[in-house]
Amino acid sequence: MNLEKVVFGFFILLAATLNFGFVIGDIADPAHHHIYELYAAVVVNLIATVLKFGDRTQLGAIHLATSLVADLQLIAAAVVWAYAGNVAGGMTTELMVSIVSLAAGALFANVVSVVLLVIETATLSRH
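Treat the numbers as computed from the prediction; the structure is a model and nothing was measured.

About the thresholds
- Residues numbered from 1 in each chain as written.
- Predicted model: local features only at pLDDT ≥ 70, side-chain atom pairs only at ≥ 80, totals over all residues.
- Heavy atoms only, no water.
- 1 Å grid on protein atoms, 1.4 Å probe; cavity = no way out; pocket = protein on both sides within 12 Å on 5 of 7 lines; lining within 4 Å.
- Points joined across faces, edges and corners; volume = space filled by probe spheres on them.
- Helix = DSSP H or I, 4+ residues; strand = E, 2+ residues; numbered from the N terminus.
- Nonpolar A, V, L, I, M, F, W, Y, C, P; charged D, E, K, R; others polar.
- Patch = residues over 30% accessible without salt bridge, like charges linked within 9 Å, V, L, I, M, F, W, Y side chains within 5 Å.
- Areas by Shrake-Rupley, 256 points an atom, 1.4 Å probe, with all protein chains shown as cover.
- Salt bridge = Lys/Arg side-chain N within 4 Å of Asp/Glu carboxyl O.
- Buried < 20%, exposed > 50% of the residue type's maximum accessible area, 1.4 Å probe, protein only.
- Polar contact = N/O pair within 3.5 Å; in protein donor to acceptor, adjacent residues only side chain to side chain.
- Contact = heavy atoms within 4.5 Å.
- Axes fitted to C-alpha atoms, helices over the stretch in contact; angles between N-to-C directions.
- Parallel < 35°, antiparallel > 145°, perpendicular 65-115°, else oblique.
- Left-handed = near helix turned anticlockwise from the far one by under 90°.

1. Concerning empty space enclosed by the protein
Inference 1: Under the criterion given, the structure shown has one cavity of 30 Å³ or more.
Inference 2: Roughly 40 Å³ of internal volume is contained in the largest cavity.
Inference 3: In terms of lining residues, the largest cavity is bounded by Ile12, Ala15, Asn45, Ala48, Lys52, Ser67, Asn110 and Ser113.
Inference 4: Elements that contribute at least two residues to the lining of the largest cavity include exactly helix 1 (3–23), helix 2 (35–52) and helix 4 (93–125).
Inference 5: Ranked by residues supplied to the lining of the largest cavity, first place goes to helix 2 with three residues.
Inference 6: Here the lining of the largest cavity is built from residues that sort into three nonpolar, four polar and one charged.

2. Describing a nonpolar patch on the surface
Inference 1: Judged by side-chain polarity, Met1, Leu3, Val6, Val7, Val43, Ile47 and Leu51 come together as a nonpolar surface patch covering roughly 680 Å² of accessible area.
Inference 2: Secondary-structure elements contributing two or more residues to the nonpolar patch are helix 1 and helix 2.
Inference 3: For valine 6, a relative accessible area of 37% corresponds to the partly exposed category.

3. Points about the side chain of serine 113
Inference 1: Assignment of secondary structure puts serine 113 in helix 4.
Inference 2: Among the polar contacts listed, one links the side chain of serine 113 to the side chain of lysine 52, at a separation of 2.9 Å.
Inference 3: Excluding residues within four positions of it along the chain, serine 113 makes contact with Ile12, Lys52, His63 and Thr66.

4. Here we look at the layout of surface pockets
Inference 1: Taken as a whole, the largest pocket encloses approximately 370 Å³ of empty space.
Inference 2: Residue lining of the largest pocket: 15 residues in total, with Glu4, Lys5, Phe8, Asp55 and Glu120 positioned closest to the centre.
Inference 3: Those elements that place two or more of their residues in the lining of the largest pocket are helix 1, helix 2, helix 3 (58–86) and helix 4.
Inference 4: Here the lining of the largest pocket takes five residues from helix 4, the largest share from any one element.
Inference 5: Broken down by class, the residue content of the lining of the largest pocket amounts to five nonpolar, five polar and five charged.

5. Topic: the packing of helix 2 against helix 3
Inference 1: Following both chains from N to C, one finds helix 2 and helix 3 inclined at 155 degrees, their axes separated by 9 Å at the closest point. It follows that helix 2 is roughly antiparallel to helix 3 by the angle criterion. The crossing of helix 2 and helix 3 is left-handed. For the pair helix 2 and helix 3, the contacting residues are Ile35, Leu38, Tyr39, Ala41, Val42, Asn45, Leu46, Ala48, Thr49 and Lys52 in the first and His63, Leu64, Thr66, Ser67, Leu68, Ala70, Asp71, Leu74, Ile75, Ala77, Ala78 and Trp81 in the second.
Inference 2: Counted by class, the contact of helix 2 with helix 3 contains 15 nonpolar, five polar and two charged residues.

6. Some points on the environment of leucine 102
Inference 1: Position of leucine 102 among the secondary structure elements: in helix 4.
Inference 2: Judged by relative accessible area, leucine 102 falls into the partly exposed class, the value being 23%.
Inference 3: When the C-alpha positions of leucine 102 and isoleucine 119 are compared, they lie 26 Å apart, and in sequence the two are 17 residues distant.

Here it is as structure tokens:
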């Protein structure tokens, strides 16, 4: 068993599941979306991105692209949350919907990354 592949897969799956946990629930209800879960998703996605830098294959490039998209969208969601708390004077329905929508876009990118990981694993096991 390759420990590097285990760690790589672990962070890809953890990024997707944390993102899913944040997105699930009523899109407009802040009680269904915890800020620390969003920040955990940001941190784990950034770690997953760093782990993807070493792969020089075409599939590795797509892995990196999906990770960068997820990072960008999750960071944007965190910025909107910070704006809501520090500039806008509090969370509104519109801001919460924007935050969850951005996180949902990141979730889609994470799902693509997981699918690529499964395809890559299935392809390698046949050789």
